[in-house]
Structures are given as C-alpha cells and as structure tokens.
Amino acid sequence: MPISSAFAQRLSKNLPDIADHFGTPFHLYDESGIRETGATLKTAFAQVVQFQEFFAVKALPNPHILHILREMGFGFDCSSIPELILARQTGAGGSDIMFTSNNTAPEEFAAALGNGGCILNLDDISLIDKVPYLPEKVAFRYNPGARRTGNAIIGKPEEAKFGVPHDQLIAAYQHALARGAQHFGLHTMLVSNERDYRYMLETTQMLLNVAMWLRAETGITLDFINIGGGFGIPYRPEDTPLDLAALSHGMTSLLENFGTEYGSVPALYMENGRYLTGRHGVLVTRAINHKDSYRRYIGVDANMSALMRPGMYGAYHHITVHDKHDATELEIVDVVGSLCENNDKFAIQRSLPHIEAGDLLLIHDTGAHGHAMGFNYNGRLRPQELLLRTDGSVTRIRRAETLDDYFATLNFAPEDWQP
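These numbers come from a predicted model, not from an experiment.

About the thresholds
Residues numbered from 1 in each chain as written. Predicted model: local features only at pLDDT ≥ 70, side-chain atom pairs only at ≥ 80, totals over all residues. Heavy atoms only, no water. Buried < 20%, exposed > 50% of the residue type's maximum accessible area, 1.4 Å probe, protein only. Helix = DSSP H or I, 4+ residues; strand = E, 2+ residues; numbered from the N terminus. Pairing = 2+ DSSP bridges. Core = buried A, V, L, I, M, F, W, Y, C linked by side-chain atoms within 4.5 Å. Contact = heavy atoms within 4.5 Å. Axes fitted to C-alpha atoms, helices over the stretch in contact; angles between N-to-C directions. Parallel < 35°, antiparallel > 145°, perpendicular 65-115°, else oblique. Left-handed = near helix turned anticlockwise from the far one by under 90°. Salt bridge = Lys/Arg side-chain N within 4 Å of Asp/Glu carboxyl O. Arc of directions from axis to C-beta. Phe/Tyr/Trp six-rings, centres within 6.5 Å; stacked < 30°, edge-to-face > 60°. Patch = residues over 30% accessible without salt bridge, like charges linked within 9 Å, V, L, I, M, F, W, Y side chains within 5 Å. Areas by Shrake-Rupley, 256 points an atom, 1.4 Å probe, with all protein chains shown as cover.

Student: Give me the pairing of strand 12 (residues 296–300): which residues, what numbers.
Tutor: Across the 5 residues of strand 12, 4 count as buried, placing the element largely inside the fold. Sheet analysis places strand 11 (residues 281–292) next to strand 12, joined by 5 bridges and oriented antiparallel. Across the sheet, His290 pairs through a bridge with Ile298, a residue of strand 12. Where strand 12 and strand 14 (residues 330–336) come together, 3 bridges link them in parallel fashion. Bridged to Tyr297 within strand 14 is Asp334.

Student: Describe the nonpolar core, with residues and values.
Tutor: Grouped together as the largest cluster of nonpolar side chains are 79 residues, with contacts concentrated most on Phe45, Phe140, Phe231 and Leu268. Sort the elements by how many residues they give to this core and helix 8 (residues 197–218) lands first, with 9 residues. With residues near it in sequence (within four places) discarded, Phe45 still touches Phe51, Leu244, Leu247, Ser248, Met251, Leu268 and Met270. One finds Leu283, Val321, Leu361 and Ile363 within the second-largest nonpolar core, a separate group that totals 17 residues.

Student: Tell me about the packing of helix 8 against helix 9 (residues 244–262), and please be specific about residues and values.
Tutor: The relative placement of two packed helices comes down to the angle between their axes together with the axis-to-axis distance. For the pair helix 8 and helix 9, the least separation of the axes is 9 Å and the interaxial angle reads 15°. With respect to helix 9, the element helix 8 is oriented roughly parallel. With respect to the hand of their crossing, helix 8 and helix 9 are arranged in right-handed fashion. Along the contact surface, helix 8 presents Tyr197, Met200, Leu201, Thr204, Gln205, Leu208, Ala211, Met212 and Arg215, while helix 9 presents Ala246, Leu247, Gly250, Met251, Leu254, Leu255, Phe258 and Tyr262.

Student: Go over the pattern of salt bridges with me, naming the residues and quoting the values.
Tutor: Applying the stated criterion across every chain, the model contains 18 salt bridges. Taking the shortest distance from any N to any O, the salt bridge between Asp239 and Arg195 comes out at 3.6 Å. Within this pair, whereas Asp239 is found in the loop between strand 9 (224–226) and helix 9, its partner Arg195 is found in the loop between strand 8 (183–187) and helix 8, the two being separated by 44 residues in sequence. Salt bridges sharing common partners tie together Glu31, Arg35, Glu71 and Arg389.

Student: Lay out helix 7 (residues 169–178) with the relevant residues and their values.
Tutor: Regarding helix 7, the residues found buried are Leu169, Ile170, Ala172, Tyr173 and Ala176. The buried residues of helix 7 all sit within an arc of 165° when viewed along its axis, so they share a single face. Immediately beyond the C-terminal end of helix 7, within one or two residues, lies Gly180, with a positive phi of roughly 105°.

Student: If you had to explain unusual backbone geometry to someone new, which residues and values would you point to?
Tutor: Cis geometry marks the peptide bond from Thr24 to Pro25; its omega dihedral reads 0°. Checked against the element boundaries, Pro25 lands in the loop between helix 2 (15–22) and strand 1 (26–30). Although it is not a glycine, Gln349 sits at a positive phi angle of roughly 50°. Residue Asp365 is not a glycine yet carries a positive backbone phi of 60°. Secondary-structure assignment places Asp365 in the loop between strand 16 (360–364) and strand 17 (384–388).

Student: How would you explain the packing of aromatic side chains if you had to name every residue and give the values?
Tutor: Under the counting rule described, the total for this entry stands at 8 aromatic pairs. Ring geometry for Phe45 versus Phe51: centroids 5.0 Å apart, planes at 15°, classification stacked. What makes Phe45 buried here is its relative accessible area of 1%.

Student: Tell me about a nonpolar patch on the surface, and name the residues and values.
Tutor: A cluster of nonpolar side chains, Leu403, Tyr406, Phe407, Leu410 and Phe412, forms an exposed patch at the surface whose accessible area comes to about 560 Å². When you line up the elements, Tyr406 lands in helix 12 (residues 403–407). A relative accessible area of 33% means that Tyr406 is categorised as partly exposed.

Okay, here's the thing in structure tokens:
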C-alpha cells in the first residue's frame, strides 16, 4: 500500500529540494508517522493490566529512531552486542531490554548481563549452563512444532532453528529454577508480517495454555507472556491492514478470562519492529538510465544493497514517481539497480508513468528491514538515512558510506602465524 497520504503530503512539496540538498539515494523516515503509530499501539492495549512493547532493533537500528521510541516508553528487543549498545545509548537497561539471541556466544551473554542487565530470553535448554549467572527475569523462546501457518517469511515452526521444543520446556524451566532464577516469562515468535489478527489470538491462547501447564508441572507462575512481533503492514495497494482493534479486544478478553480463572494475569509483552516504522519510510532514488531490450528497464542510482527484500524473496514495494501521480500514460517496466545480479530489481513488469532520467522515484514502506539489511556486494556503498521531523525540517541521521569506510577493514597491522 502506498505510504499514508499525510506522509506523502509532508514529503512531496519539498522532495526535489531535499534531494538536491542531500543527494540521492537515501532512506527517509517520517517522525510524525512513527509517533502516531506508536501512540495507536499503546492506546489499543491500554486496557491490559501490564503491557510493554519492545521495539525490534533489527528493523531500524538507528539511534535517532530509537530515542523517539524510548521517549514513547517503549523498550527494545536486541539480539546482538551492537543492538544492545544502541538500546543502552537511549538510557534503556534492565527490564527495558529483551535479549533474544540464538546460537549465542559467551561474549554476547557477558554483554547482555553487563551495563544494567536485561531480560534474558533463552533459545535453547543447552544455553542455561553457558550463562555466567541468570538475571532477575528469565524467559524461554518456545517452539510448539507443527502448527497452522501460512506465513512464508518465517516458515514452519518444526523446520525453524529457533526455540525450545515442547518436550524440553518443563526441564528448561526446572533447570533455570535450580540455577537461581526467580521470575519467568514465556516467549514465542511464529509469524512475520502477519495481517490476520486471528493468528495472533491463537498464539496468545497457546501461550496461556502453556502457562497453565507450566504452573501445574513446576509451580512456576509466569510474570509475562511475549507473543513476539510479526504484526504485518499492507505493502500492496489491495492488502487489508491488520485489524488492531479486533486484535487488542481479543487479547484483552483472553487475559481477563485467564485472570478470572487463575487469580493472576501475566503481563503482555510484544516486540514489533515493522509495524511501528515500516510504513513510515521511503527509499528515494533517481532515474539515471533506461534500456530497451526484451523489456524496458529503468535504471536508478540505488540498488539491492539499499533494499534487499525484493531481490531476496520477491517482496513487493509500491513505487511512485514524484510529481507524476496523475499521469494517464503508463508503461510496463522493470526498475533495476546496478549490481551484477539479475535479482537486483525493485519492481518487475510494473505499470508506472513514463520515467525520464532525473526523475525521482519513491520506493515505499522501507522503514523496517531496508537499510538494516544492507550489504556491500560489488563494492556498492550503503546510502544515507534522513529523518523528516515533525516541524517539517529534515535531518541526516546516518551519512552514506564512503570508500574510506569500505577499505577501513583492509587497513591493519600485519600479523602472521607460522606452524
């Protein structure tokens, strides 16, 4: 789906001047939109006794964005040392950070437990003894095995590398209890970019059922359940948005019913990234070439290293051409970058207005898993990031990579080993 009309209006009137000032390509994020979506999420779950969103740092790991989200009261979901550092730079620490890693190295556990600690969410029973000590709050990532799913991005749970299988879960909590853990949670992450709210309700009910089972088998009463992230956004114009109102109403009812029956209600945690920032970003790129072959190709000055989702798994991103919204003459084109890979395409056989060299193209919904998934194949450099402030000004929040950056890791003191 195209970016919101409000975002489009805020951006379009000044886009040529912004592009001339900063140069293209760039990712640009809309602060007003991020704040509005964050407020909507908080309002939707205001009736839950204890609710906390942990923004998935992997979606948009920029400190300027994280500071905005921290101001709104959100915590952070981290899975690496750099993500921990970024989160802590906002002032977050302790129960503000959920550290969910997999195949975790000792130095990562050390970083997670230091500098204010975190909620430690373990991916496997074997990791319990590899942690130097267990923090105040410990959770396990649960993998239920075979389950109804139509979610192609995350795949089938029984084939996923993530999570503690059902038949190991009791032993995991018992072992953590023996090691001194006192407060527990339960986490799962079974979908990505899911817009069917009923699936999320099934996940919530599943976690509450497991909570009852854990209490019966171990005596542990969970402090929280964490349904993970995965709230989807409508990338295509015809996509139906997630019904957040129905989702929040259903989750609130499930938690209230649980509390009525068992006398206590676990806190509800979630860790969305895409839902908060995805629709509030665009990749702005300039047309620089066209090629007429068996197809018509529009070459732009960005490439797959700035947005790999279309090339990686055929993801759709809406594209508009600045100042040509009302064009009636359309043509079928592939919009391509300059990598030596044939999947370096932002759009395939897309109907767009006639594009001339110099035209600005907006690739929509890049506010999550866009710049963050960048890479340097072919020696291509990742673009800058800009922030459209609530007052209409634009701030550069990450400069573009330079040749010095690219060659920096080749500048080091020689070191050899001899047998």
